[in-house]
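Each chain is listed here by its residues.
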Amino acid sequence: VVESEHPHAWGVVAQKLEVPGASALELSFPRLELAEGYRLRITHDAAGELSVMKPCPSRCDGGIHHTVEFGKYLFATLDDADPQSREKGKQEGWRKVPIGWELVPGQPDVVREVIAKHRWGTDIVVVGSGDAYYTLGFEQGSKAGQSCGKDKLSTQGGGERSAEHQPNRIAGRVLIRRLRSNGAGGGQGASAPLAPEELGPGERVVVPC
C-alpha cells in the first residue's frame, strides 16, 4: 500500500499478494522509486501491519559520497571527487551515471554556486551540454565560473542507462546531480527531504535499496 503523508485527493493504490500455506514471505527489491513524502506500508490484511516488516537500509547512493547541496539538488562529480579537495586530479576512464542521477544542465546559477565556489579536486568541470567551466581551484579562483570551452564531454554507448561519459580532451571531471531524498547517500548532502509539491514535471526521487 502506498500512502501519502501530505493531504490531497489522490486515491491509495494497493497490490495484493497471496502465497497459500506460506508462514513467511520475503520481498527483495533492487530499488524503490517513491516521491518524498510517501511511505511504503505492507499489511497482511485490511486491519494491521506486519510486525516484522522493516525497510531495508540504503547500501549506497550509486557509489557517490561527496556532494554539494544547492536548491532542490545534490551535486557531485561522476568519479565522486571531494568538492573541497585541493589535490588536483581528473576523471580516469569512462563512467556511467549512477541510477537516480543525471548529467547537470549548465544553468548560470549552478555555474555560480556549485562550480565556481568549489574546487572539486580539479581545474575544470564539464556539464551535460559539453560546456566546461573553471573551478575555484584554478589560478587561486581568479577565473572561477568562467567558460573554458565547448564540446568537452565525450559519450559512448547506446541508451540512457548504458551510456558512458568522460571529459573530452581536457583534464577535468563531469558534474552530475540528483534530487534530494531522505536517507540516501551521505557526505555534505544530508538535508530535509523534498515534499511532493516541490517536484517539477517529470522529476522523481530514486531511493536505492
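Let us look at the structure shown here. As the structure is a prediction and not an experimental result, all values here were calculated from the model.

### Digging into the pattern of salt bridges
Counted by the stated rule, this structure contains 6 salt bridges. A salt bridge links Arg 177 to Glu 102, with the nearest nitrogen and oxygen atoms 2.6 Å apart. Taken together, the residues Arg 177 in strand 13 (residues 173-179) and Glu 102 in strand 7 (residues 102-103) connect sequence positions 75 residues apart. A relative accessible area of 10% means that Arg 177 is categorised as buried. Among the ionic pairs, Asp 131 bridges to Lys 150, the shortest N-O distance being 3.4 Å. Here Asp 131 is found in the loop between strand 8 (124-126) and strand 9 (132-134), whereas its partner Lys 150 is found in the loop between strand 10 (147-149) and strand 11 (153-156), with 19 residues between them in sequence. We classify Lys 150 as exposed; its relative accessible area is 57%. In this structure, a network of salt bridges that share partners links the residues Arg 112, Glu 113 and Lys 117.

### Points about the environment of Phe 70
Summarising the element assignment, Phe 70 is placed in strand 4 (residues 68-70). On a C-alpha basis, the gap between Phe 70 and Glu 113 in space is 7.4 Å, while along the polypeptide they are 43 residues apart. Dropping the residues within four chain positions of it, Phe 70 is found in contact with Phe 75, Asp 109, Val 110, Glu 113 and Val 114.

### What about the pairing of strand 13?
Across the 7 residues of strand 13, 7 count as buried, placing the element largely inside the fold. Burial of strand 13 is two-sided: the residues Arg 173, Leu 175, Arg 177 and Leu 179 facing one way and the residues Val 174, Ile 176 and Arg 178 facing the other way are all buried. Taken together, the 5 bridges between strand 5 (residues 73-77) and strand 13 define a ladder with antiparallel strand orientation. Of the residues in strand 13, the one forming a bridge with Leu 74 is Arg 178.

### Remarks on the packing of aromatic side chains
Scanning the entire structure with this criterion turns up 2 aromatic pairs. Seen in terms of ring centroids, Tyr 73 and Phe 75 are 6.2 Å apart; in terms of plane orientation they differ by 55°. Their pairing is tilted. Residue classification places Tyr 73 among the buried positions, given a relative accessible area of 11%. With a centroid separation of 4.1 Å and an interplanar angle of 5°, the aromatic rings of Tyr 134 and Phe 138 are classed as stacked. Each of the two residues, Tyr 134 as well as Phe 138, counts as buried. When the ring centre of Tyr 73 is taken as origin, the NZ or CZ atom of Arg 177, which lies over that ring, is 3.9 Å away.

### Points about the sheet that holds strand 12 (residues 164-167)
The 3 strands are arranged 6-12-11 in an open sheet whose pairing can be described as antiparallel. Every other strand in the sheet has two partners, leaving strand 6 (95-96) and strand 11 as the edge strands with one partner each. In this structure, strand 6 lies alongside strand 12, joined through 2 bridges in antiparallel fashion. Bridged to Lys 96 within strand 12 is Glu 164.

Each value, and the rule that gives it
Throughout, a residue's number is its position along its own chain's written sequence, starting from 1. Local features in a predicted model are, by the rule used here, given only for residues with pLDDT of at least 70; side-chain atom pairs are given and counted only at 80 or more, and totals for whole chains, interfaces and linings are based on all residues. Hydrogens and water are ignored here; the side-chain numbers use all heavy atoms of the structure. One speaks of a salt bridge when a side-chain nitrogen belonging to Lys or Arg is within 4 Å of a carboxyl oxygen belonging to Asp or Glu. Going along the chain from the N terminus, every DSSP run of H or I of four or more residues is numbered as a helix, and every run of E of two or more is numbered as a strand. Throughout, exposure labels follow a simple rule: accessible area from a 1.4 Å probe, protein chains only, divided by the maximum for the residue type, with under 20% read as buried, over 50% as exposed, and the rest as partly exposed. Here, two residues are considered to be in contact whenever any of their heavy atoms come within 4.5 Å of each other. Strand pairing is assigned whenever DSSP identifies at least 2 bridges connecting the two strands. The rule is short: rings of Phe, Tyr and Trp, with Trp giving its six-membered ring, pair when the centres are within 6.5 Å, and they are stacked under 30 degrees, edge-to-face over 60, tilted in between. Cation placement over rings: the criterion is NZ of Lys or CZ of Arg within 6 Å of the ring centroid and within 35° of the ring normal.

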